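Spelled out from the first residue to the last, the chains are:
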Amino acid sequence: MRIKRRVLEQLPLLQERQALAYGTALLLSALAWWIRWELDYAFPPGFPYLTFFPAVIITSFLFGRGPGTLSAVICGFLAWYFFIPPIYSFDFTGRTLVALSFYAGVVAVDIGLIHAMQRANQRSSRLAAEQQRLAQRTELLFSELQHRVSNNIQMVGAMLSLQQRQVIDPTARLVLADASTKLQLIGRIQRQLYSTAGEQVPLDVFLRDLMADLSAADSKPGIVHQIHAEPGILLAPDAAIPLALIMAEGIANAMEHGFANQEVGVIVVSLARQGEAIELCVLDDGAGLPPNFDLSQSESLGLKVLRSLARQMGAQISIGKRFPAGTVLRLILRDNIQKGQRGIDAT
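Given the structure is predicted, the values throughout are model-derived calculations rather than measurements.

The rules we used
Residues numbered from 1 in each chain as written. Predicted model: local features only at pLDDT ≥ 70, side-chain atom pairs only at ≥ 80, totals over all residues. Heavy atoms only, no water. Pairing = 2+ DSSP bridges. Helix = DSSP H or I, 4+ residues; strand = E, 2+ residues; numbered from the N terminus. Axes fitted to C-alpha atoms, helices over the stretch in contact; angles between N-to-C directions. Contact = heavy atoms within 4.5 Å. Patch = residues over 30% accessible without salt bridge, like charges linked within 9 Å, V, L, I, M, F, W, Y side chains within 5 Å. Areas by Shrake-Rupley, 256 points an atom, 1.4 Å probe, with all protein chains shown as cover. Salt bridge = Lys/Arg side-chain N within 4 Å of Asp/Glu carboxyl O. Buried < 20%, exposed > 50% of the residue type's maximum accessible area, 1.4 Å probe, protein only. Phe/Tyr/Trp six-rings, centres within 6.5 Å; stacked < 30°, edge-to-face > 60°. Expected span 1.5 Å × (residues − 1). Arc of directions from axis to C-beta. Parallel < 35°, antiparallel > 145°, perpendicular 65-115°, else oblique. Left-handed = near helix turned anticlockwise from the far one by under 90°. Nonpolar A, V, L, I, M, F, W, Y, C, P; charged D, E, K, R; others polar.

This paragraph deals with the sheet that holds strand β1 (residues 223–229). Strand order in the open sheet formed by five strands is β1-β3-β4-β6-β5, with mixed pairing between adjacent strands. Each edge of the open sheet is held by one strand with a lone partner, namely β1 and β5 (316–321). The sheet shows a mean angle of 10 degrees between the axes of neighbouring strands, direction not considered. Bridge count between β1 and strand β3 (residues 265–274): seven bridges; the pairing is parallel. Directly across from Val 224, in β3, lies its bridge partner Val 266. Strand contacts of helix α7 (residues 203–216): β1, β3 and β4 (277–284), with the helix running at about 175 degrees to β1, the strand carrying the most contacts.

Okay, a nonpolar patch on the surface next. A grouping of Leu 31, Trp 34, Ile 35, Leu 39 and Tyr 41 is seen on the molecular surface, where their side chains present a nonpolar patch of about 530 Å² in accessible area. Tracing the backbone through its elements, the reader meets Ile 35 in helix α2 (residues 18–38). The exposure class assigned to Ile 35 is partly exposed, which follows from its relative accessible area of 31%.

Scanning the model with the defined rule gives 18 aromatic pairs in all. A ring pair is formed by Phe 53 and Tyr 103, whose centres lie 5.6 Å apart and whose planes are at 25 degrees; its orientation type is stacked. A residue pair is termed long-range when its members are at least 10 positions apart, and Phe 53 in helix α3 (residues 52–63) and Tyr 103 in helix α5 (residues 94–164) qualify at 50 residues. Look at Phe 53 and you get buried, because its relative accessible area is 17%.

Our next topic: α2. For the α-helix, the turn length of 3.6 residues means that residues three or four positions removed from each other point alike. When the terminal C-alpha atoms of α2 are compared, their 30 Å separation across 21 residues agrees well with the 30 Å that a helix rising 1.5 Å per residue should span. Those residues of α2 lying buried are Ala 21, Ala 25, Ser 29, Ala 32 and Arg 36. Taken around the axis of α2, the buried residues stretch over an arc of 85 degrees, which confines them to a single face. Among the exposed residues of α2, those pointing more than 90 degrees away from its buried face are Ala 19 and Leu 27.

Note the cis peptide between Pro 85 and Pro 86, where omega equals -10 degrees. As for its placement among the helices and strands, Pro 86 is situated in the loop between α4 (65–83) and α5. The omega torsion across Phe 323 and Pro 324 is 0 degrees, close enough to zero to call that bond cis. Within the fold, Pro 324 resides in the loop between β5 and β6 (327–333). The phi dihedral of Tyr 88 is positive, around 60 degrees, even though this residue is not glycine. Examined against the element boundaries, Tyr 88 turns out to sit in the loop between α4 and α5. The exposure class of Tyr 88 is partly exposed, given its relative accessible area of 42%. The backbone phi angle of Asn 292 is positive, close to 60 degrees, even though this residue is not glycine. Structurally, Asn 292 can be placed in the loop between β4 and α9 (301–313).

So, about the pattern of salt bridges. Enumeration according to the criterion identifies four salt bridges in this entry. For Arg 36, the salt bridge identified is with Asp 40, shortest N-O distance 2.7 Å. Taking the shortest distance from any N to any O, the salt bridge between Glu 279 and Arg 330 comes out at 3.0 Å. Taken as a pair, Glu 279 in strand β4 and Arg 330 in strand β6 lie far apart in primary sequence, 51 residues in all. Arg 330 sits in the partly exposed class, given a relative accessible area of 29%.

A few words on the pairing of β6. Burial analysis of β6 places six of its seven residues in the buried class, which makes it a mostly covered element. Hairpin connection, β5 to β6: the antiparallel pair is bridged by five residues, and Gly 326 has positive phi, about 115 degrees.

Closest axis-to-axis distance for the α3/α4 pair is 7 Å, and the angle between their directions is 170 degrees. In terms of orientation, α3 and α4 fall into the roughly antiparallel class. Viewed along their axes, α3 and α4 form a crossing whose handedness is right-handed. Counted together, Phe 52, Ala 55, Val 56, Thr 59, Ser 60 and Phe 63 of α3 and Arg 65, Pro 67, Gly 68, Ser 71, Ala 72, Cys 75, Leu 78, Ala 79 and Phe 83 of α4 form the full contact between these two elements. The residue makeup of the contact of α3 with α4, split by class, is 10 nonpolar, four polar and one charged.

Turning next to the environment of Arg 165. Secondary-structure assignment places Arg 165 in the loop between α5 and α6 (170–192). For Arg 165 and Ala 177, which are 12 residues apart along the polypeptide, the C-alpha to C-alpha distance reads 9.2 Å.

A few words on the packing of helix α8 (residues 237–258) against α9. Relative orientation of the contacting elements α8 and α9 amounts to 155 degrees, with a least axis distance of 10 Å. Relative to α9, the element α8 is oriented roughly antiparallel. By crossing handedness, the relation of α8 to α9 is classed as left-handed. Taking contact as the criterion, the partners of Asp 238, Ala 239, Pro 242, Leu 243, Leu 245, Ile 246, Glu 249 and Asn 253 in α8 are, on α9, Gly 302, Leu 303, Leu 306, Leu 309, Ala 310, Gln 312 and Met 313. Here the residues of the contact of α8 with α9 sort into 10 nonpolar, three polar and two charged.

Below is the structure:
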């Protein structure tokens with residue numbers, strides 16, 4: 001189909017070599033006359049134009065209106081002289097007028113329709129080329145915008161990191177360091193959320209790339225990072241970014257607390273549909289939770305951020321013990337998220 005379309009887009013042929021196009025029109029007219037002459041015995045009387053109509057149509061289709069008109073005129077005279085009684089003359093009678101008028105009307109309609117079709121096809125080709133050019137420009141601008149937004153966010157994070165070095169208060173330094181880390185993480189998420197074509201990346205690819213970044217930044221090579229994500233799940237950006245931040249925060253908490261005194265362990269991230277909900281889990285086999293841990297009562301800045309992000313998404317979040325050892329963070333996005341204004345596109 002694509003090859004056929006490319007051929008049609010090139011019609012009419014030989015537009016820059018009109019002499020060759022008109023010469024080919026004469027050749028096709030002569031060929032039509034020869035076939036009609038050789039098969040005259042096989043044709044019933046009264047059909048002088050049987051081979052000339054195809055010659056005119058083919059010439060018009062391949063080479064355009066001008067060569068088609070020339071072929072129509074030449075074929076008309078050949079049919080008149082050789083095949084319309086009295087033959088071998090240009091005798092003009094009432095019957096001859098009817099025959100020639102019929103021929104002229106048919107070839108005029110054929111040439112006109114073919115010309116109109118080719119004009120429409122040329123306009124369609126120009127529009128397609130313009131749309132492709134605009135699509136490429138839009139893709140380039142979108143990619144540049146994504147990089148600029150990401151770079152600006154990460155630059156703010158870097159400035160906070162520089163400011164942190166000048167702060168003496170340890171609590172303030174900790175807050176600035178955490179804010180700087182999260183801003184730079186948001187910058188990486190923003191960069192990875194869309195493909196170069198401007199299409200949103202499925203969550204399995206998006207989270208896998210993000211985990212690769214987090215794993216590469218890990219200072220403990222003995223900690224293995226794994227991800228098991230169901231393919232094809234899409235989230236609206238205002239839900240995908242918080243989900244990625246929650247995953248990153250869960251991994252950061254596992255590294256900071258679960259593996260504080262361990263050099264070897266496993267962190268597993270899973271993402272899957274559960275009925276009409278989406279479930280994200282971050283599991284580790286580290287030291288586990290402290291006694292009497294309560295997520296809703298925790299004053300930790302990181303856990304406050306987790307609760308805030310979950311409320312923003314309208315999701316349920318929990319952190320509990322994992323058997324036989326470790327911690328599991330679970331986030332569940334319910335059906336109203338899938339169908340609401342932050343809806344999950346699960347198609």
